[in-house]
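Summary of the model geometry
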Amino acid sequence: MRTVHEVSRLAGVSIRTLQYYDKIGLLHPAGHTESGYRLYDDTALEKLQQILLFRELKFPLKDIKEIMESPDFDREKALEQQITLLTLKKEHLENLIDLARGIKAIGVNTMDFTAFDTTKIDEYAAQAKASWGNTAEYREFEEKSKGRTPQEEKTLSVQMMAIFAEFGRLREGAPDSEPAQALVRKLQGFITEHFYTCSDEILSGLGKMYADGGDFTKNIDAAGGAGTAAFVNKAISISRR
């Protein structure tokens, strides 16, 4: 058995975080000392590893809890996804190191920013999350999309892009303006109606993903003009203050 202080040092997780995991029912200690301090056995440590793997995949804590409590939870699947994600991150870091060494050796002679691109990492993490299908949002998405024709899916996509086009017409203005905030509410309502319940937390995550520089950014900027995705993210972040 290890004390909470020992587990904190071993896992690189703060004591406050471990206490919070216990509070929300994500990771309970195996027992307590006579003084009331938490104690963790090997089973608890193994579960902590699984939690940290999902955190690397950017899962919210509530989703991790739901997935790990599911009878369908597959630890091997989680490990395979983690290995793939870490490999992508390793390649990303190696590219950055090569770029930095090249600049140090010969200076900047080309404006090449491809080494900074994290699109593959972000897209894999999103796909890994979607593949579990255990979250309430994913199940709701599957239920609402069940039976839709390709034409209906295309129509929804066009309608979604039309909302981003509306954002685009406002992108030179203030993201905290009433028209911009009205569009944030419209976007949130559209997602909730047609896909899954879009909480403020989920909307915030979507806003960051929109502006991350991957396909979402390209498609949104194509609909509303350069800078639209970043404007949408700012408007969403302001709406949550």
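Residues numbered from 1 in each chain as written. Predicted model: local features only at pLDDT ≥ 70, side-chain atom pairs only at ≥ 80, totals over all residues. Heavy atoms only, no water.

1. Describing the overall build of the chain
For the chain, the helix and strand inventory stands at twelve helices and three strands. When burial is assessed residue by residue, the chain has 36% of its 241 residues classed as buried. Taking all contacts inside the chain whose residues are at least 6 apart in sequence as the whole, residues at least 24 apart take part in 62%. Summing over all exposed atoms, the chain offers an accessible surface of approximately 14,400 Å²; the carbon and sulfur share of this is 53%. (Helix = DSSP H or I, 4+ residues; strand = E, 2+ residues; numbered from the N terminus. Buried < 20%, exposed > 50% of the residue type's maximum accessible area, 1.4 Å probe, protein only. Contact = heavy atoms within 4.5 Å. Areas by Shrake-Rupley, 256 points an atom, 1.4 Å probe, with all protein chains shown as cover.)

2. Quick word on helix α12 (residues 228-239)
With twelve residues, α12 ought to run about 16 Å at 1.5 Å a step, and its terminal C-alpha atoms sit 16 Å apart, in line with that. Looking at the buried positions of α12, the neighbouring elements they touch are α8 (150-170), α9 (178-194), α10 (200-210) and α11 (215-224). (Expected span 1.5 Å × (residues − 1).)

3. Overview of the pattern of salt bridges
Under the definition given, this model contains six salt bridges. The shortest N-O distance in the salt bridge between Asp22 and Arg38 comes to 2.9 Å. Remark: Arg38 occurs in strand β3 (residues 38-40) and Asp22 occurs in helix α2 (residues 15-23); sequence separation between them is 16 residues. Asp22 sits in the buried class, given a relative accessible area of 14%. For the salt bridge of Glu143 with Lys146, the shortest nitrogen-to-oxygen distance reads 3.2 Å. (Salt bridge = Lys/Arg side-chain N within 4 Å of Asp/Glu carboxyl O.)

4. What about the packing of aromatic side chains?
Enumeration according to the criterion identifies four aromatic pairs in this entry. Centre to centre, the rings of Phe167 and Phe231 are 6.5 Å apart; their planes meet at 65°, and the pair counts as edge-to-face. Here Phe167, found in helix α8, pairs with Phe231, found in helix α12; they are 64 residues apart in sequence, far enough to count as distant. Judged by its relative accessible area of 0%, Phe167 is buried. Its relative accessible area of 4% is what places Phe231 among the buried residues. (Phe/Tyr/Trp six-rings, centres within 6.5 Å; stacked < 30°, edge-to-face > 60°.)

5. Overview of helix α4 (residues 61-68)
Looking at α4, one finds that the buried residues are Leu61, Asp63, Ile64, Ile67 and Met68. Projected onto a plane normal to the axis of α4, the buried residues spread over an arc of 160° and lie on a single side. (Arc of directions from axis to C-beta.)

6. Some points on the environment of Leu187
Within the secondary structure, Leu187 sits in helix α9. By relative accessible area, which is 0% here, Leu187 ends up buried. For the pair Leu187 and Ile163, spaced 24 residues apart in the sequence, the C-alpha separation amounts to 6.8 Å. If we ignore the near neighbours within four places in the chain, the residues touching Leu187 are Met160, Ile163, Phe164, Phe167, Leu203, Tyr210, Val232 and Ile236.

7. Here's the deal with the sheet that holds strand β1 (residues 2-3)
Strand order across the open sheet formed by three strands is β1-β3-β2, with antiparallel pairing between neighbours. The open sheet has two edge strands, β1 and β2 (31-32), and neither has a second partner. Summarising the sheet, β2 and β3 pair through two bridges and their orientation is antiparallel. Opposite Gly31, over in β3, you have Leu39 as the bridge partner. (Pairing = 2+ DSSP bridges.)

8. Quick look at the packing of α8 against α11
Two elements in contact, α8 and α11, have axes separated by 7 Å at closest approach and are oriented at 65°. Between α8 and α11 lies a crossing whose hand is right-handed. For the pair α8 and α11, the contacting residues are Met161, Phe164, Ala165 and Gly168 in the first and Asn219, Ile220, Ala223 and Gly224 in the second. When grouped by side-chain class, the residues that make up the contact of α8 with α11 number five nonpolar, three polar and no charged. (Axes fitted to C-alpha atoms, helices over the stretch in contact; angles between N-to-C directions. Left-handed = near helix turned anticlockwise from the far one by under 90°. Nonpolar A, V, L, I, M, F, W, Y, C, P; charged D, E, K, R; others polar.)

9. Let's talk about the side chain of Gln50
Looking at the element boundaries, Gln50 is found in helix α3 (residues 42-56). Non-local contacts of Gln50, meaning those with residues more than four positions away in its chain, are made with Met68, Phe73 and Arg75.

10. Comments concerning the environment of Ile163
When you line up the elements, Ile163 lands in helix α8. Judged by its relative accessible area of 3%, Ile163 is buried. Leave out the neighbours within four places in its chain, and Ile163 touches Lys186, Leu187 and Phe190.

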